[in-house]
Structure formats: C-alpha cells, structure tokens
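Chain by chain, the residues run as shown.
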Amino acid sequence: MGCQSSHPSAIPELEEIMQETGFSQASVVRLYDRFQALDKEQKGSLSKYDLQGIGELAVNPLGDRIINAFFKEGEELADFRSFIRVLARFRPVEEGKSKETGRPEPMNSRLSKLRFAFQLYDQDSDGKISRDEMLQVLQLMVGIQVTDEQLVCIAERTIQEADQDGDGAISFEEFATSVEKLNIEQRMSLRLLK
Amino acid sequence: MFLLLPFDSLVVNLLGISLTVLFTLLLVFIIVPAIFGVSFGIRRIYMKTLLKIFRWATLRIERGAKEKNHPLYKPYVNGIIAKEPTSLEEEIKEIRRSGSGKALDAPEFELSDIFYFCRKGIETIMDDEVTKRFSAEELESWNLLSRTNYNFQYISLRLTVLWGLGVLIRYCFLLPLRIALAFTGISLLVVGTSVVGYLPSGRWKEFLSKHVHLMCYRICVRALTAIITYHDQENRPQNGGICVANHTSPIDVIILASDGYYAMVGQIHGGLMGVIQRAVVKACPHVWFERSEVKDRHLVAKRLTEHVQDKSKLPILIFPEGTCINNTSVMMFKKGSFEIGATVYPVAIKYDPQFGDAFWNSSKYGMVTYLLRMMTSWAIVCSVWYLPPMTREPEEDAVQFANRVKSAIARQGGLVDLLWDGGLKREKVKDAFKEEQQKLYSKTIVGNHKDRSRS
C-alpha cells in the first residue's frame, strides 16, 4: 500500500471486473493498490517471483501451488484481471441472494470455492485425485516430519473413506460429498474491511 | 518614465539589502541557540498552529465528499482484511469437527484440512505483515502536502488557496533557509573536527570534539525543523556500551547524535559523505570500515569488541535492523551486535508522520530526492525514549537477547514487533520457518507418538 492510492480511472477494464467478480469499486481499488505494491518492478503484471517474495506465503506448505493457481498454463506473468479473478473466489457469499437460473455461476459460490480447493489436490487436472496426488499434497504439508509409510497409510485410508464408486481415486463429486457438512462459504472467504 | 529609473534601482537595492539582513538575522537567531543547546520554543508553537490547520483541512475535505455523496478513501491502519487470530491447531480442529461431525479429537488427516492452508495462503497474498512496512505510513488526516493526499477531487477553493500558500512557504521560505542551515552545519562539522584533530590528545581535545559534534548536529536538527522530545534521559548510553535503535531513515543518526556523543559505525562512502566521515574520525575514534571489510563478520566483530572493551571510548551507535523500515513496526535484529558482550542501551524512536514522513524508501527515492522531500515537509516530529540498559543473561543466546531488546523497543515506541527479517524485501525466507509450520501440522495428523492405526 503506497501513499498514493490509485484513481479508479487508472484501473483497466474496471467495469467488466466489477461485473465479473462482484467486488465493489472500493474493493477493486484496494486490490489494485495491493497488486501494485506486490509488483516491485512496476512492470504492470506479477511474476511468480513477486509472489514468492511474500514471507508468510513462502512458509505455507501449499504456497507454491497457490501461486500457480494465479498463472495460466505455461504463462510467466499474471495481469491484474487474472489476479483479481482468483481473489474473487474468496469473496464472502452474500446472504439472501436467491439462485437465478440463466445467470452464470458467481465466482464466489460454494461450488467455485470447492473447485479451487480441489484444483490444489488435482495437479494434472484429470478431474480425479489419485493416490499419488494425495501423497504429494501430504508430503508438502508435513515435510520430513512423518515417514513415507505412514503417509501412504493415511493417503490410502482417506481415499477409501471418500471413494464411493470404487475407482481408487476421488472425483470432484466425491470430494464435495465428503465435505458437505462443512461451512465452506465461511471457511473459504476473506472479508475486505470497509 | 525617466524619474522611475533611479527609483527602481533604489527600491531593488533596498529590497535586496533588507532581505539579506533578514536572512542573516534569521540564521543567527537559529544558529546561536544551537551552539549553546538552548531553544526558544518557536518550533513547538509552529507545530501546534499547523495541527489546528490540518484538522480544519480534513474537516473541509470530509464535508466536500459528503456534499458529493461519494465514499471517502480511508486509510486502513489495521490491514485490509478482517483477520481472526487463531492458531493452526485450533482452526484445523474446528474445520474437522464441523465437517465430519466426529466426536473424537484424535489426530487424523481429513480432506478438509486443505481449506486452512488455502485460505491462509490467499489471505497473505491480499495482505501480509511485511510488504506494507516498506511504504510510507498512511495518514488519517490530510497535512496539506500533495504527496499524502488521496482525495484530491474533493478540495474546495479555500483549501486549494491554503495549499498553495503552504507550497509557497515551504519551497520559497523554508527550503532556502533549511539548505543554508544544513550547509552551515556540515561545513562547521568538517572544518571544526579537522581543526580539533590537530590538537594533542587530552582533555581539551575531547571537550572541544564533543562540543563541536553536538553543536553541528544541533544545527542540522534545526535545518530539518526537527522537533524532538527526549524521554528518560537518565538512561543515556555510557562509555563502553552499545546503543541500539530502530531504523527509519538516515536522520535517526542526527537525532540521536544531537543529544549524546557517540562513536559511529559504518562503511566508508565516497562523495560528500566520505568527506564528512574522514573529517570526524580525526577528532574522535569512530569505527569506519572499507567496503571489502564489511563482508568479513569476524573482522567487524573484532573491531567492535576492541572498541567497547576500552572504557574510555564512546558508546557505539548501531541500527541492528540493517535497513530502513517505515516506523510502524520493528523487524528482526541482526545478532552481530548482541554477541559482543557489552551492555546494550536500547533506544526507541517514533516519528509522527503528520508533519512529514521521515521514512526513506530506498527503492523509490535516492538520497538527494529524499533529503529534498525532508526539507520541503512541514517538520520532522519525533519522540525518543532511552530505555534502561540490558545485558545478556547467562542462559540466553545472542538471538534471544536480540529479540528481548527488540520487544522492549517495540513496546515503548508503540510499534508492532515482527519476527521477519527486514532484508526479506530483497531475499527469500529461510526454510526453517517452513519446517515450523510443517511440524505444527504433522502433530494434528499423527499426534505426538508413532502412528498406531492400521488401515
């Protein structure tokens, strides 16, 4: 956050972004300031290196995977629109808004939030969390603190519990079912202060 | 027409002379008290008047925004997201309990654990504790400087006139005055210390050196219109000790040195800085290092240890953060100065950003631009607290000692105490921190003993 706040007119495609993400203008301006603060070389887009420089993110075991979520396949830079699209998934769900058929699913719906989390497990994007992918995530989260045998046990048990169609992997629907009691809307939301 | 000509030159001459006389009188009026270390209190009256004007200006802006029915840009002092302070274990337990409805709090992995890390990660991308410490602090009320105004579209005519007047006063009156004072201060320092350097060592030399240093720093303080309040001066650093303080800008040195006689530590620079450094070391033993020597930690430690062991030598002034932070927090202290084994005298410096932000954002501004910005602000207002001396306890190591001193300084100055390294803005974080997180998490899935469940 710098001393000079951005003027709304400085933000490219402001209207489209507000429509697409549902953020208010003030929120978009705030996030644009943040985007610029992270973009240390003022190049107008973020590189993975810029995000890796955030200390608190680097100690997050899933830090690298979260960073990858901002970048399209094979791309090195993310512009503001891609940046805010990811953050839009964490917008709190508005109370009382009924489901309007015909409208595209809002970016911060329960389903979108679940899809984002699923994506962190399912790196090859084949729609299933295989045993190996499960193991990889577990290894990231515990490092050297737990032996490989224990991790294999844990991975197999988890898949067994959640797998309903017996294919040895967890599909998106099985994932959603296993966490259906969880208040995802609250757990995966970040409220911007007014 | 013809008659006007001699009149003209007469008027111009008179104007020129009176301005010069006024200027010189002003200079004398400011420098003489500096020599004797007294103050007329004019700067404080100036400060109070300015505060009243700022408050009025902010009210005006708020009124203007209300009339147009627009939301005002309010600075976020506490970050931009609503954060709940819970620990990793608490949150993961919460998630598991509410998700699976299992009554047992047994350590087991759940698919839903990922939500914790996911959210935490995105949270730090939106707002982390460190990145914002390297840009100037945001103000709650406007101080008539265009560099701190975020709501420029709501300024009325009256405010613009006031702002214009402010610009005139700052650039046309204060700036030349301050530059003249700075010039006087620095030249007196260089000349004075060089002259004192020729004297034979002894009580006279020390006495004169001390007073030349103090006098010149006081002139520099006035060159910045710095209004400093010193607290607890009985705890001032003594000979053979190390004075540590939080670092916000190069001005910190001037502020501390105008109230005490210190030995400086640092790298020899070129240019004007180098000239000053070489001059002052003639009068009293400061510790300057060549660029190549700075990398050699043992050499640095050795020279500092030698200095502090000689009880007749002055207290060393060190800024252990190693870099300038924006004065809202204190970051990790480098342990080097705490390994030497001398008594540490902590000092907390807190600036009031209302009158002029002293933070030096070295990635944004060079030294000259920075100094110009300082000299065209209203004033530099700060408070200095001298904390009681601390020594290393037998059971603690240098890092723990450093953290203890850091907490004391943060508490006194009302700053946030952060564990992060200020050098983080240029480097990546250590793996040790990541392992900590992994350790905490693994406890939640396998507990504190070996895994007992077999699938």
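Thresholds applied
Residues numbered from 1 in each chain as written. Chains lettered and ligands numbered in written order. Predicted model: local features only at pLDDT ≥ 70, side-chain atom pairs only at ≥ 80, totals over all residues. Heavy atoms only, no water. UniProt positions renumbered as here; feature names shortened; annotations may be inferred. Helix = DSSP H or I, 4+ residues; strand = E, 2+ residues; numbered from the N terminus. Buried < 20%, exposed > 50% of the residue type's maximum accessible area, 1.4 Å probe, protein only. Contact = heavy atoms within 4.5 Å. Areas by Shrake-Rupley, 256 points an atom, 1.4 Å probe, with all protein chains shown as cover. Lys, Arg positive; Asp, Glu negative; His and termini not counted. Charge placed at Lys NZ, Arg CZ, Asp CG, Glu CD. Core = buried A, V, L, I, M, F, W, Y, C linked by side-chain atoms within 4.5 Å. Pairing = 2+ DSSP bridges. Salt bridge = Lys/Arg side-chain N within 4 Å of Asp/Glu carboxyl O. Axes fitted to C-alpha atoms, helices over the stretch in contact; angles between N-to-C directions. Parallel < 35°, antiparallel > 145°, perpendicular 65-115°, else oblique. Nonpolar A, V, L, I, M, F, W, Y, C, P; charged D, E, K, R; others polar.

An unreviewed UniProt entry lists chain B under the name Glycerol-3-phosphate acyltransferase 4, with Chelydra serpentina given as the organism. According to its UniProt record, chain B has this under Sequence similarities (unreviewed entry): "Belongs to the 1-acyl-sn-glycerol-3-phosphate acyltransferase family."

With an unreviewed UniProt entry as reference, chain A is termed Calcineurin like EF-hand protein 2, source organism Chelydra serpentina.

A. Local environment of the overall build of chain A. Assigned secondary structure in chain A consists of 11 helices and 4 strands. Its C-alpha atoms give chain A principal-axis dimensions of roughly 55 × 40 × 30 Å. Here chain A holds 194 residues, and the buried ones make up 49% of them. Across chain A, contacts joining residues at least 24 apart in sequence account for 55% of those joining residues at least 6 apart. When the accessible surface of chain A is summed, it comes to about 9600 Å², and 48% of that surface belongs to carbon and sulfur atoms. For chain A, the centre of its 24 positive side-chain charges and the centre of its 34 negative side-chain charges are spaced 7 Å apart.

B. Molecular detail of the nonpolar core. Ranked by size, the top nonpolar core spans 76 residues in total, and within it Phe70, Phe80 and Phe175 of chain A together with Phe115 of chain B carry the most contacts. Counting residues per element, this core draws most heavily on helix 4 (residues 113-126) of chain B, at 8 residues. Residues in contact with Phe115 of chain B, not counting those within four places in the same chain, are Leu114, Ala117, Phe175, Val179, Leu182, Ile184 and Met188 of chain A.

C. Structural context of the pairing of strand 8 (residues 380-386) of chain B. Residues and elements named next belong to chain B. When you tally the buried positions in strand 8, you get 7 out of 7 residues, the bulk of the element. Every second residue of strand 8 is oriented toward a common face, with Ile380, Cys382, Val384 and Tyr386 on one face and Val381, Ser383 and Trp385 on the other, all of them buried. Note that strand 7 (residues 344-352) and strand 8 share 6 bridges and pair antiparallel. Counterpart to Val347 in the pairing with strand 8 is Tyr386.

D. Local environment of the pattern of salt bridges. All names here are of chain A. Under the criterion given, the structure shown has 19 salt bridges over all chains. Its salt-bridge partner being Arg131, residue Glu156 comes within 2.6 Å of it at the nearest N-O pair. Here Glu156, found in helix 9 (residues 148-162), pairs with Arg131, found in helix 8 (residues 131-142); they are 25 residues apart in sequence, far enough to count as distant. Classification of Glu156 as partly exposed rests on a relative accessible area of 36%.

E. Highlighting the packing of helix 5 (residues 157-197) of chain B against helix 11 (residues 367-375) of chain B. Residue and element names in this part refer to chain B. In contact at an axis separation of 9 Å, helix 5 and helix 11 are set at 120 degrees when each is read in the N-to-C sense. By the angle between their axes, helix 5 is oblique relative to helix 11. In this structure, helix 5 uses Leu175, Arg178, Ile179 and Ala182 to contact helix 11, whose residues at the interface are Leu372, Met374 and Met375. By residue class, the composition of the contact of helix 5 with helix 11 is 6 nonpolar, no polar and 1 charged.

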